[in-house]
Amino acid sequence: MTRIVYLNGDYVPEQEARVSVFDRGFLFADAVYEVTAVLNGKLLENDGHIARLLRSCRELNLALPVTPDALEAIQRELIARNHLREGAVYLQLSRGSTGDREFDFPPAGTPPTLALFTQARSVINHAKAISGIRVVTLEDIRWHRRDIKTVGLLAPCLAKEFAHVQGADDAFLVEDGLITEGSSCNAWIVTASGTLVTRPLSNDILHGITRRSLLELAKNHAIPFEERAFSVEEAYAAREAFISSATTFIWPVVNIDGRTVGDGAPGPVTRALRAIYVEMALRATA
Ligand code: PDD
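Residues numbered from 1 in each chain as written. Predicted model: local features only at pLDDT ≥ 70, side-chain atom pairs only at ≥ 80, totals over all residues. Heavy atoms only, no water.

1. Observations regarding the site of the ligand
The local shell around the ligand holds 19 residues, among which Tyr33, Glu181, Ile209, Thr210 and Ala246 are the closest. Thr210 is positioned such that a nitrogen or oxygen atom in its side chain is 2.6 Å from an oxygen atom of the ligand. The protein chains hide 90% of the 470 Å² of surface that the ligand would expose on its own. Taken atom by atom, the bulk of the ligand overlaps the largest pocket. Secondary-structure elements contributing two or more residues to the shell around the ligand are strand S3 (31-39), helix H2 (46-60), helix H6 (209-220) and strand S13 (240-245). When grouped by side-chain class, the residues that make up the shell around the ligand number six nonpolar, nine polar and four charged. When residues of the shell around the ligand are assigned to domains, at least three map to each of domain 1 (4-120) and domain 2 (127-284). (Near = heavy atom within 4 Å. Polar contact = N/O pair within 3.5 Å; in protein donor to acceptor, adjacent residues only side chain to side chain. Areas by Shrake-Rupley, 256 points an atom, 1.4 Å probe, with all protein chains shown as cover. 1 Å grid on protein atoms, 1.4 Å probe; cavity = no way out; pocket = protein on both sides within 12 Å on 5 of 7 lines; lining within 4 Å. Sits in = over half its atoms within 2 Å of the grid points. Helix = DSSP H or I, 4+ residues; strand = E, 2+ residues; numbered from the N terminus. Nonpolar A, V, L, I, M, F, W, Y, C, P; charged D, E, K, R; others polar. Domains from an automatic or database assignment.)

2. Focus: helix H3 (residues 68-81)
Compared with an ideal rise of 1.5 Å per residue, which puts 14 residues at 20 Å, H3 spans 20 Å between its outermost C-alpha atoms and is within 8% of the ideal. Of the positions making up H3, those classed as buried are Leu71, Glu72, Ile74, Gln75, Leu78 and Ile79. Down the axis of H3, the smallest arc covering the buried residues is 155 degrees, so these residues share one side. Facing away from the buried side of H3 by over 90 degrees, the exposed positions are Asp69 and Arg76. Residue His83 follows H3 closely and has a positive phi angle near 50 degrees. (Expected span 1.5 Å × (residues − 1). Buried < 20%, exposed > 50% of the residue type's maximum accessible area, 1.4 Å probe, protein only. Arc of directions from axis to C-beta.)

3. Digging into the nonpolar core
Core analysis: the biggest nonpolar cluster contains 23 residues, and Leu196, Leu214, Ile223, Phe242, Phe249, Leu273 and Tyr277 have the highest contact counts within it. For this core, the secondary structure elements donating two or more residues are S3, strand S10 (186-190), H6, strand S14 (249-256) and helix H8 (268-284). Of the residues forming this core, the biggest block, seven residues, is contributed by H8. There are two domains that each give this core at least three residues, and those are domain 1 (4-120) and domain 2 (127-284). Those residues within four positions of Phe249 in sequence are excluded, and the remaining contacts are Ala37, Leu39, Leu44, Val123, Ile124, Thr210, Ile243, Ser244, Arg274, Tyr277, Val278 and Ala281. (Core = buried A, V, L, I, M, F, W, Y, C linked by side-chain atoms within 4.5 Å. Contact = heavy atoms within 4.5 Å.)

4. Digging into the domain arrangement of the chain
Entries for the chain in the domain assignment read domain 1 (4-120) and domain 2 (127-284). On the side of domain 2, 23 residues touch domain 1, which itself brings 22 residues to the contact. For the domain 1 and domain 2 pair, buried surface summed over both sides reaches about 1,900 Å², with 62% attributable to carbon and sulfur atoms. When the area that domain 1 buries against domain 2 is broken down by residue, the three leading residues are Tyr33, Glu45 and Arg52, summing to 33%. Taken together, domain 1 and domain 2 are joined by two salt bridges. Residues Asp147 and Arg55 are paired through a salt bridge, measuring 3.0 Å at the closest nitrogen-oxygen approach. (Buried area = accessible area lost by both parts, 1.4 Å probe. Salt bridge = Lys/Arg side-chain N within 4 Å of Asp/Glu carboxyl O.)

5. Some remarks on the sheet that holds S3
If you trace the six strands from one edge of the open sheet to the other, you get S2-S1-S6-S5-S3-S4, paired in antiparallel fashion. Of all strands in the sheet, those with a lone pairing partner are strand S2 (10-13) and strand S4 (42-43), marking the two edges. Against the sheet, H2 engages S3, S4 and strand S5 (87-94), with an angle of about 180 degrees to S3. Relative to strand S6 (residues 113-120), H3 is tilted by about 40 degrees, and along the sheet it contacts strand S1 (4-7), S2, S3, S4, S5 and S6. (Pairing = 2+ DSSP bridges. Axes fitted to C-alpha atoms, helices over the stretch in contact; angles between N-to-C directions.)

6. Concerning the packing of H6 against H8
Running from N to C, H6 and H8 point in directions that differ by 105 degrees, and their axes come no closer than 10 Å. Taken together, the axis directions place H6 and H8 in an arrangement best described as roughly perpendicular. In this structure, H6 contributes Thr210, Ser213, Leu214 and Leu217 to the contact, and H8 contributes Leu273, Ile276, Tyr277 and Met280. Classifying every residue of the contact of H6 with H8 by side-chain character gives six nonpolar, two polar and no charged. (Parallel < 35°, antiparallel > 145°, perpendicular 65-115°, else oblique.)

7. Notes on the pattern of salt bridges
Following the criterion strictly, the structure yields 20 salt bridges and no others. Here Glu175 makes a salt bridge to Arg146, at a shortest N to O gap of 2.8 Å. Within this pair, whereas Glu175 is found in strand S8 (residues 170-175), its partner Arg146 is found in the loop between strand S7 (133-139) and helix H5 (154-165), the two being separated by 29 residues in sequence. Like Glu175, the residue Arg146 is buried in the burial classification. In this structure, a network of salt bridges that share partners links the residues Asp140, Arg142, Arg146, Glu175 and Glu181.

Here it is as structure tokens:
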């Protein structure tokens, strides 16, 4: 099926969308992005994604060429034009192009490149949400501003490839013996006493929108949690582990570096939290 994508003001068939080879997103990864889940044809937690986009833009001195409301209207229009019921809307904003390769920022007024497209995928009934995933740990070689959602994603691509070569699904990234996050998700464990643990917000991790909602839901459902860094050894010994992101919601982690987590099946706290999140998501998009 040919998708209709959005590029700099136009809705065009995907084959017709063209970006310059001199675009700074292409040459320097000088671009930010967001991924918003779509359920029942509606955007989920989009206010959080737009707020994070604005923060990424501020941190990089990138100007959003449309208002947040206009951006959401584009997202909605794309969902409608592509008849998307379940999946995600991807958006990317680069610093545009001056028609050559120059490290220096382009002159003020150089138009940025804004592109959006939809991706159909199963979120609610994804097989991995039920079976869980295997992860391997790997040194976190990313830059020091992981709180900014840039398209400089070579390290996560390498991490996923490293995991796949070893027969795993994904990687937990490790710095100074402590897990920062997953290659494209936040990382969580459940301790022997049933407490959720996830790394606190800092420049070391992306400030996940799903992470934030899960903490809020845990609070409302009296599920104890701690925001603190945890070690690889603690993850090995955890009763449960899971990942969170807009595209997975929650996927249980049943194996880390070949070691079974808990009894090797998705645990009760993980399953309960996923059910709570899914219920919230379905209600929000009904
Ligand atoms: N990734 N950490 C990293 C490094 C991520 O790339 C993501 C999201 C998250 C979770 O953030 P959120 O809950 O807001 O989706 C954490 C998206 C889904 C991606 O790159 O496709």
